[in-house]
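Geometric and topological summary
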Number of protein chains: 2
Amino acid sequence: MSATIKSVAEYAGVSIKTVSRVINNEGTVKPDTLAKVQQAIDALDYRPNKAARDLAGRDNYVLGYVYDNPNAYYILAMQNGILKECRSNGYELLIHPCDATNPDIIDELVNMVNSARLAGLILSPPLSEMPDVLHAMDEKGIQYVRVLSGDKAPDDKPCVLVDDYQAARQITGHLLDQGHRRIAFIAGEKQHHSTTERQRGFYQALADHGIKADPELVIDGTYSFGTGVQSIQQLLALPEPPTALFACNDEIAAGALFGARMQGVDVPEALAIAGFENSPFSTQTFPPLTTASQPTAQIAQRATSSLIRSLQARKRKAENHTIPADIFVPELIVRESTSR
Amino acid sequence: MSATIKSVAEYAGVSIKTVSRVINNEGTVKPDTLAKVQQAIDALDYRPNKAARDLAGRDNYVLGYVYDNPNAYYILAMQNGILKECRSNGYELLIHPCDATNPDIIDELVNMVNSARLAGLILSPPLSEMPDVLHAMDEKGIQYVRVLSGDKAPDDKPCVLVDDYQAARQITGHLLDQGHRRIAFIAGEKQHHSTTERQRGFYQALADHGIKADPELVIDGTYSFGTGVQSIQQLLALPEPPTALFACNDEIAAGALFGARMQGVDVPEALAIAGFENSPFSTQTFPPLTTASQPTAQIAQRATSSLIRSLQARKRKAENHTIPADIFVPELIVRESTSR
DNA sequence: GAGTAAAATGACAGCGTTGTCATTATGGTG
DNA sequence: CACCATAATGACAACGCTGTCATTTTACTC
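The rules behind these values
Residues numbered from 1 in each chain as written. Chains lettered and ligands numbered in written order. Predicted model: local features only at pLDDT ≥ 70, side-chain atom pairs only at ≥ 80, totals over all residues. Heavy atoms only, no water. Least-squares fit on C-alpha atoms with pLDDT ≥ 70 in both. Contact = heavy atoms within 4.5 Å. Buried < 20%, exposed > 50% of the residue type's maximum accessible area, 1.4 Å probe, protein only. Helix = DSSP H or I, 4+ residues; strand = E, 2+ residues; numbered from the N terminus. Pairing = 2+ DSSP bridges. Right-handed = clockwise from strand over helix to strand, strands pointing away. Axes fitted to C-alpha atoms, helices over the stretch in contact; angles between N-to-C directions. Buried area = accessible area lost by both parts, 1.4 Å probe. Salt bridge = Lys/Arg side-chain N within 4 Å of Asp/Glu carboxyl O. Polar contact = N/O pair within 3.5 Å; in protein donor to acceptor, adjacent residues only side chain to side chain. Phe/Tyr/Trp six-rings, centres within 6.5 Å; stacked < 30°, edge-to-face > 60°. Lys NZ or Arg CZ within 6 Å of the ring centre and 35° of its normal. Domains from an automatic or database assignment. Expected span 1.5 Å × (residues − 1). Near = heavy atom within 4 Å. Nonpolar A, V, L, I, M, F, W, Y, C, P; charged D, E, K, R; others polar.

Digging into the relation of the copies chain A and chain B
Mapping chain A onto chain B calls for a rotation angle of 180° and an axial translation of 0.0 Å; the resulting RMSD is 0.0 Å. What we have between these two chains is a two-fold relation. Closest to the rotation axis within chain A is the C-alpha of A:Ala51, separated from it by 2.2 Å. Looking at the interface residues of chain A, 100% of them are also at the interface in chain B, so both copies use one shared face.

Following this line, the structure appears as structure tokens:
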């Protein structure tokens with residue numbers, strides 16, 4: 001059997017409560033007592049029993065990750081990052097796949113949080129961008145951290161920002177630097193802020209170069225291969241087709257690449273294509289895609305760490321403990337699909 | 001606050017122990033007592049507190065899913081299936097990504113199972129096929145269920161089989177039916193049984209038609225896009241190149257497709273290509289790939305259900321409660337990449 | 001060095017459940 | 001109908017921890 005708080009206390013010659021104070025970092029333990037206890041913990045390879053902790057304490061050590069996102073790579077990267085941070089802080093993770101378009105989604109989430117007695121929630125897009133969901137969580141007093149697209153935090157709740165705007169501006173800038181002037185844009189779902197932010201960055205980059213975007217070159221779609229195939233056909237049929245394309249993600253870009261090649265349009269000679277996300281996709285096309293890389297696992301880790309710190313702050317009743325939002329700017333990765 | 005076993009007992013007019021018996025399906029409760037308790041449970045929307053259960057009982061209600069597999073779609077599908085079954089049985093799931101090539105993998109797993117006090121483990125390839133890992137789990141008395149490639153169970157421990165052999169035979173048969181006689185095969189990692197089983201099926205189908213496989217047409221590789229690209233170049237350079245290809249998975253097939261098109265070889269006219277897995281990949285190539293579809297989520301669900309049943313059987317000390325292995329045969333999906 | 005406030009530590013109940021064992025109800029027998 | 005075996009139920013401790021509050025130790029003051 002594994003060590004319990006009692007055996008650690010005996011070994012260290014203190015009361016169990018003192019051990020409890022040590023493992024909870026309560027900070028009211030004398031340095032040498034602390035050292036003794038730490039030593040006992042190490043010697044006995046003691047790990048707090050989560051069930052007992054959950055039962056006795058008023059808080060739980062379980063976080064939840066709720067997702068609804070068709071992109072398996074993204075989800076898995078998020079999950080791995082969250083898991084890593086959870087492990088190093090003694091938290092557990094409950095995974096909850098769901099369907100954001102389900103009208104009962106809010107009930108479902110509230111129910112889930114209650115029945116699993118979660119300490120906090122990690123929300124990624126699109127859930128992190130649904131005001132109804134956030135509002136319901138606020139109302140129920142459920143703590144959460146959001147990962148979302150933007151360059152400044154919308155409020156003082158913990159969040160991690162991904163600056164899609166800046167990255168999109170860089171990608172478009174790269175296309176402009178290559179001499180392109182007629183640049184097309186294919187958007188993903190408008191409900192995703194990432195779409196609107198990337199589009200904003202696209203427009204801004206054009207404006208930086210004194211170019212007015214041609215509305216014909218901007219197409220709405222979804223984050224799918226099919227959108228890429230269809231949109232590029234439409235674009236290439238234009239009297240004055242674009243010489244470059246910025247697709248809202250790699251999947252669209254891959255579709256566009258395929259569509260272009262099917263029509264005998266050479267990439268990158270006749271048409272440069274850039275994607276976004278640095279998904280495995282982007283290296284498995286011919287030619288490989290220029291894209292922007294977001295360190296998803298790292299983002300997830302940071303988000304989780306913010307949530308945990310905020311949880312602990314609340315536990316210690318520390319008021320005004322606002323955690324500054326982290327901002328990640330996806331990094332431009334230039335590959336052959338945009339080389340001259 | 002949510003209902004406890006005590007409030008249910010009071011509401012139903014019985015002792016808490018009787019309620020405990022009901023929620024644990026112990027079967028020694030009179031029908032009308034059971035009905036009363038059930039009604040109380042429903043009325044109060046009672047859900048057992050997992051922490052208390054774990055603490056009081058000798059068993060835990062947490063399963064673990066350990067994975068090491070680069071295929072995000074597969075992992076996520078597995079995970080979703082497991083989760084679904086866990087939820088409907090009141091179990092929780094602990095996710096543990098790991099690296100099967102790590103020499104300390106066994107220590108890592110044993111450690112993980114101990115410190116998380118898991119009830120059982122769900123193992124998918126390649127971990128489910130590593131004798132060392134299985135042996136260590138057996139030694140530690142850790143229950144597990146395996147998902148593995150094969151057509152009969154290697155022992156009487158719970159497992160779910162995926163009959164890659166049969167499916168590969170069907171795919172190859174389909175190619176033969178189209179009149180192909182020179183059919184190439186590109187293998188994945190030999191450590192994965194799925195590779196050897198698929199290869200076995202390939203050979204058998206040829207043998208069924210009285211064809212001897214040409215060793216030149218069989219290439220070893222890994223489950224990757226790159227393998228596909230390289231292998232097809234090698235194959236097409238042969239004095240007598242194949243007219244059809246069966247790739248061990250869709251990723252290889254996609255790579256081969258690309259390689260072929262780059263050399264100006266038309267698919268399916270000059271070369272038919274079939275993959276395996278029915279990954280999103282397979283619909284996003286041009287032309288879409290013929291493949292075999294395995295209902296991964298369903299497989300995972302069945303595996304989880306086997307594990308849970310076996311856990312409960314052991315709890316009731318039911319000897320000889322062997323659960324018959326489920327067998328899934330992936331289904332042939334014919335798309336344009338093999339049409340005449 | 002006595003007196004006091006603050007810091008450090010400890011004793012003990014209680015969290016919601018299950019396991020053990022005792023008790024009570026039930027049904028079958030002669 | 002008394003008697004017994006067995007089925008059904010209940011009382012209560014225990015699981016390993018945290019919260020509350022009491023007690024002890026420390027540090028500082030005059």
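Now that the structure is up, let's keep going.
Focus: the pairing of strand S2 (residues 92-97) of chain B
Residue and element names in this part refer to chain B. In terms of residue burial, S2 counts as a mostly covered element, since six of its six residues are buried. Neither face of S2 is left uncovered, since the one carrying Glu92, Leu94 and His96 and the one carrying Leu93, Ile95 and Pro97 both have all their residues buried. When strand S1 (residues 62-67) meets S2, the two strands line up parallel, connected through six bridges. Pairing of leucine 63 across the sheet is with leucine 93, part of S2. In this fold, the crossover linking S1 to S2 by way of helix H5 (residues 72-88) has right-handed handedness.

Digging into the sheet that holds strand S3 (residues 120-123) of chain B
Residue and element names in this part refer to chain B. With respect to topology, six strands assemble into an open sheet ordered S2-S1-S3-S4-S5-S11, the strand pairing being parallel. Among the strands making up the open sheet, the edge pair consists of S2 and strand S11 (326-328). Across the sheet, the mean angle from the axis of one strand to that of its neighbour is 20°, orientation sign disregarded. Docked against the sheet, H5 engages S1, S2, S3 and strand S4 (143-149), running at close to 170° with respect to S1.

Observations regarding the interface of chain A and chain B
A common way to state how big an interface is: give the accessible area lost once the parts meet. Tallying the contact residues gives 35 residues for chain A and 35 residues for chain B. Here chain A packs against chain B, burying approximately 3400 Å² in sum over the two surfaces, 59% of which is carbon and sulfur. When the area that chain A buries against chain B is broken down by residue, the three leading residues are A:Arg117, A:Phe258 and A:Gln284, summing to 18%. Counting the contacts that link chain A with chain B gives zero salt bridges. For the pair chain A and chain B, the number of links is five residue pairs in polar contact (both at pLDDT 80 or more).

Focus: unusual backbone geometry
Put simply, A:Pro125 and A:Pro126 share a cis peptide bond, and its omega is 0°. Topologically, A:Pro126 is positioned in the loop between strand S3 (120-123) and helix H7 (131-139). Here the amide bond leading from B:Val267 into B:Pro268 is cis, since omega sits at 5°, within 30 degrees of zero. A positive phi angle, near 50°, is found at A:Asp45, a position not held by glycine. When you line up the elements, A:Asp45 lands in the loop between helix H3 (31-44) and helix H4 (50-56). One non-glycine residue, A:Glu277, lies in positive phi territory at about 130°. Within the fold, A:Glu277 resides in the loop between strand S9 (272-274) and strand S10 (291-293).

Some points on the packing of aromatic side chains
The tally for this structure, following the rule as stated, stands at 18 aromatic pairs over all chains. Among the aromatic residues, those joined into a cluster by ring pairs are A:Phe185, A:Phe202, A:Tyr203, A:Phe246 and A:Phe276. Taking NZ or CZ as reference, A:Arg53 lies 4.5 Å from the ring centre of A:Tyr61, over its face. Seen from the ring of B:Phe276, B:Arg198 lies directly overhead, with NZ or CZ sitting 3.8 Å from the centre.

Side note on the pattern of salt bridges
Residues and elements named next belong to chain B. Counting across every chain of the model gives 24 salt bridges over all chains. Here arginine 47 and aspartate 45 are joined by a salt bridge, their closest N and O atoms 3.9 Å apart. One salt bridge connects aspartate 326 with arginine 302, and the closest N-O pair in it is separated by 2.9 Å. Placement of aspartate 326 in strand S11 and of arginine 302 in helix H12 (residues 296-315) is noted, with a sequence separation of 24 residues between them.

Regarding the domain arrangement of chain A
Residue and element names in this part refer to chain A. Structurally, chain A comprises domain 1 (5-48), domain 2 (62-163 + 297-330) and domain 3 (164-294 + 333-338). Using only C-alpha atoms to locate each centre, domain 2 and domain 3 end up separated by 30 Å. Opposite the 13 residues of domain 2 that make contact, domain 3 presents 17 residues. Between domain 2 and domain 3, the buried area comes to about 1200 Å², and carbon and sulfur atoms account for 54% of it. The three residues of domain 2 that bury the most area against domain 3 are Ser149, Asp163 and Pro330, which together make up 41% of that side's buried surface. The interface formed by domain 2 and domain 3 holds one salt bridge in total. Measuring nitrogen to oxygen at the nearest pair gives 3.8 Å for the salt bridge that ties arginine 200 to aspartate 151.

Brief notes about helix H11 (residues 250-262) of chain A
Its 13 residues place the ends of H11(A) 18 Å apart at the C-alpha level, agreeing with the 18 Å of an ideal helix rising 1.5 Å per residue. Within H11(A), burial applies to A:Asp250, A:Ile252, A:Ala253, A:Ala254, A:Gly255, A:Ala256, A:Leu257, A:Phe258, A:Gly259 and A:Ala260. Here the buried face of H11(A) lies against strand S6 (183-186), helix H10 (225-236), strand S8 (244-247), S9 and S10 of chain A together with helix H11 (250-262) of chain B.

Concerning the sheet that holds strand S7 (residues 218-219) of chain A
Strand pairing in a sheet relies on backbone hydrogen bonds, with the paired strands running either antiparallel or parallel. Residue and element names in this part refer to chain A. Reading across the sheet, the four strands line up as S7-S6-S8-S9 and stay open at both edges, with parallel pairing between neighbours. The open sheet is flanked by S7 and S9, the only strands paired with a single partner. In the sheet, S8 pairs with S9 via three bridges, with the strands oriented parallel. Counterpart to alanine 244 in the pairing with S9 is alanine 272. With respect to the sheet, helix H9 (residues 193-208) is in contact with S6, S7 and S8, its orientation differing from that of S6 by roughly 170°. Contacting S6, S7 and S8, H10 crosses the sheet at an angle of about 145° to S6.

Focus on the protein's contact with DNA strand D
Surrounding DNA strand D, one finds 27 residues, the nearest of these being A:Ile5, A:Ser20, A:Tyr46, B:Thr18 and B:Thr33. Within 4 Å of the protein, atoms of DNA strand D come from sugar and phosphate in 68% of cases. In this structure, a base nitrogen belonging to DNA strand D sits 2.7 Å away from a side-chain N or O atom of A:Lys17. Within the contact set of DNA strand D, a phosphate oxygen lies 2.6 Å away from a side-chain nitrogen or oxygen of B:Thr18. Looking at the surface near DNA strand D, the element that brings in the most residues is helix H2 (residues 16-23) of chain A, giving four residues. Of the residues in the surface near DNA strand D, the class split is 11 nonpolar, nine polar and seven charged.

Some remarks on the protein's contact with DNA strand C
Within the structure, DNA strand C sits among 28 residues, and A:Thr18, A:Thr33, B:Ile5, B:Ser20 and B:Tyr46 are positioned closest to it. The share of sugar and phosphate among atoms of DNA strand C within 4 Å of the protein is 64%. Between DNA strand C and the protein, one listed contact pairs a base oxygen with a side-chain N or O atom of A:Arg21 at 2.7 Å. Contact distances for DNA strand C include 2.6 Å between a base nitrogen and a side-chain N or O atom of B:Lys17. Taken together, the elements giving at least two residues each to the surface near DNA strand C come down to H2 and H4 of chain A together with helix H2 (16-23) and helix H4 (50-56) of chain B. The leading source of residues in the surface near DNA strand C is H2(B), at four residues.

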